[in-house]
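As a plain string of letters, each chain reads:
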Amino acid sequence: MLTKQDIFNLVEEEDVRFIRLQFTDMLGSMRNMAITTSKLSDALDNLCMFDGSSVRGFVGVEESDLYLHPDLDTFTIFPWRPHQGKVARLICDVCTPDGKRLESDPRYVLQKVIEEAAEMGYTFEVEPECEFFLFNTDERGNPTAEPHDSAGSFDLAPLDNGENCRREICLTLEEMGYAIEASHHETAPGQHEIRFRSAEALKTADRIVTFKTVVKTIAKRNGLHATFMPKPIAGESGSGMHLTMSLKKDGKNVFFDGNSQTGLSDTAYKFTAGILKYTPDMACLTNPTVNSYKRFVLGYEAPCYISWSERNRSLLVRIPSSRKDGDARIELRSPDPTANPYLAIAACLKAGLNGIRDNETLPPSIDVNIYNLSDKERESLGIKNLPISLNEAVRIAKKSDFINELLGEGFAVRYLSAKEQEYDEYRCTINQWEIEKYLIQY
């Protein structure tokens, strides 16, 4: 735990001259207010104010004054900035003038569910698998639609042209305190994955938003454009943000049961049942863009049905096979990297806690190729589809008590209104497929 004095000492010792006070908007985009070290004392005393009405989803102009309360443990120096006059950051909680937390601060949404878990005696740990694409840029540095390479899964250089950039990203992250589990080229041209070690939920969400900044920054320094768009190339696999989760109590993994034939506890099954039950409700959070649903098509390893398995990698929820030494986890494969990680992780935790509290029953594991089943066979097994569009996901969420309870009614209305507007903009756009399909035919 860092103290104010620790921060002052680090700033002086490391010659930090510029500090970014960071927070995320409701869509998960990193926002920033920069100060010099002369204002650091004010920042650490929670005296830095900003206009909240300029951040979509926060507040109206009549109540626009908001304050940034830095989380001291998030202090990090950016390794890619100058060695003299360095730049650091602090992730902040957003508060009202009377010191209360802003209900529509995504970080607060997650913190409230973490507190709910703590009241039940649990801590929640998450390990993300973050996928992204690297695209070439033109002579002006603008992104093109041309992937940086034509490599495939686990390929090496010279096929994997992004190897050097990916290595630089990993080394930068390690310098910032990340423990990198693995990195490799993914299935699609120009697609990459970096997986970092499991941590408690809030720290993981903080790391994901920082990870995105690092990836984009290092890619640009290498003359490339990094994108977390889920499906930028038609006919190729899209990018997911798989979340591998575990629940602990008194330091022990409560998903593990050494006396069970599968190694999984009743708690793990109930938690998983909760995830499956609320998947349609939280799809607008785990998959929040129009493009997110272009990923849910047959043949590209992304889940299309609400189901689970201990072996089948193509299903929504997978139970990783390694369950030795008390290591039992569940992997949710639907989220994509456009999700606000605070909201997506909060939704997963709340769904799982509800499953435990309500003694939800997990349906049978699907251990056959679900895509070879007929619609009638899937229906007989009680297997339902994931939402197939942002429009459908929003319609489900608008009727969901789960979403209202998670976000709070006011925040839910603002978030879903923004998503409705996004879908409406898409609906009113004429795309190239329509031109090619209909212009001459009709």
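Residues numbered from 1 in each chain as written. Predicted model: local features only at pLDDT ≥ 70, side-chain atom pairs only at ≥ 80, totals over all residues. Heavy atoms only, no water.

**Comments concerning the overall build of the protein chain**
Helix and strand counts for the protein chain stand at 12 helices and 19 strands. For 442 residues, the compact-globule formula gives about 22 Å, and the C-alpha radius of gyration of the protein chain, at 22 Å, lands near that figure. With the C-alpha coordinates aligned to their principal axes, the bounding extent of the protein chain is approximately 70 × 55 × 50 Å. For the protein chain, restricting intrachain contacts to residue pairs at least 6 apart in sequence, the fraction spanning at least 24 positions comes to 69%. Total accessible area on the protein chain is roughly 20500 Å²; 47% of this is exposed by carbon and sulfur atoms. Counting 51 positive and 67 negative side-chain charges, the protein chain places the centres of these two groups 1 Å from one another. (Helix = DSSP H or I, 4+ residues; strand = E, 2+ residues; numbered from the N terminus. Rg over C-alpha atoms; globule rule 2.2 N^0.38 Å. Contact = heavy atoms within 4.5 Å. Areas by Shrake-Rupley, 256 points an atom, 1.4 Å probe, with all protein chains shown as cover. Lys, Arg positive; Asp, Glu negative; His and termini not counted. Charge placed at Lys NZ, Arg CZ, Asp CG, Glu CD.)

**Here we look at the packing of aromatic side chains**
For the coordinates displayed, the defined rule picks out 17 aromatic pairs. Here phenylalanine 132 and phenylalanine 211 contribute two aromatic rings whose centre-to-centre distance is 6.2 Å and whose plane-to-plane angle is 65°, an arrangement assigned as edge-to-face. Here phenylalanine 211 lies in helix H5 (residues 201-221) and phenylalanine 132 lies in strand S7 (residues 123-137), a separation of 79 residues in the sequence. Arranged with centres 5.1 Å apart and planes meeting at 80°, the rings of tyrosine 178 and phenylalanine 196 form a pair that is edge-to-face. Taken together, the positions of tyrosine 178 in the loop between helix H4 (163-175) and strand S9 (180-185) and phenylalanine 196 in strand S10 (residues 191-196) put the pair 18 residues apart, joining distant regions of the chain. The pair tyrosine 178 / phenylalanine 196 is uniform in exposure class, with both members buried. Through a chain of ring-to-ring contacts, the aromatic side chains of Phe132, Tyr178, Phe196, Phe211 and Phe228 assemble into a single cluster. (Phe/Tyr/Trp six-rings, centres within 6.5 Å; stacked < 30°, edge-to-face > 60°. Buried < 20%, exposed > 50% of the residue type's maximum accessible area, 1.4 Å probe, protein only.)

**Description of the pairing of strand S8 (residues 143-147)**
Across two bridges, the pairing between S7 and S8 is antiparallel. For phenylalanine 135, the partnering residue across the bridge sits in S8 and is proline 147. Turn length for the S7-S8 hairpin, with the two strands adjacent in sequence and antiparallel, is five residues, and the turn residue glycine 141 shows positive phi of about 85°. (Pairing = 2+ DSSP bridges.)

**Structural notes on the nonpolar core**
Among the nonpolar cores identified, the biggest contains 93 residues, and Phe211, Ile275 and Leu407 are the most heavily contacted of them. With 11 residues, the single largest contributor to this core is helix H7 (residues 341-357). (Core = buried A, V, L, I, M, F, W, Y, C linked by side-chain atoms within 4.5 Å.)

**Brief notes about a nonpolar patch on the surface**
Side chains of Ile430, Ile435, Leu439 and Ile440 sit close together on the surface and give an oily, nonpolar patch of about 470 Å² of accessible area. Summarising the element assignment, isoleucine 435 is placed in helix H12 (residues 432-438). (Patch = residues over 30% accessible without salt bridge, like charges linked within 9 Å, V, L, I, M, F, W, Y side chains within 5 Å. Salt bridge = Lys/Arg side-chain N within 4 Å of Asp/Glu carboxyl O.)

Function cannot be read off these values alone, since they describe shape.
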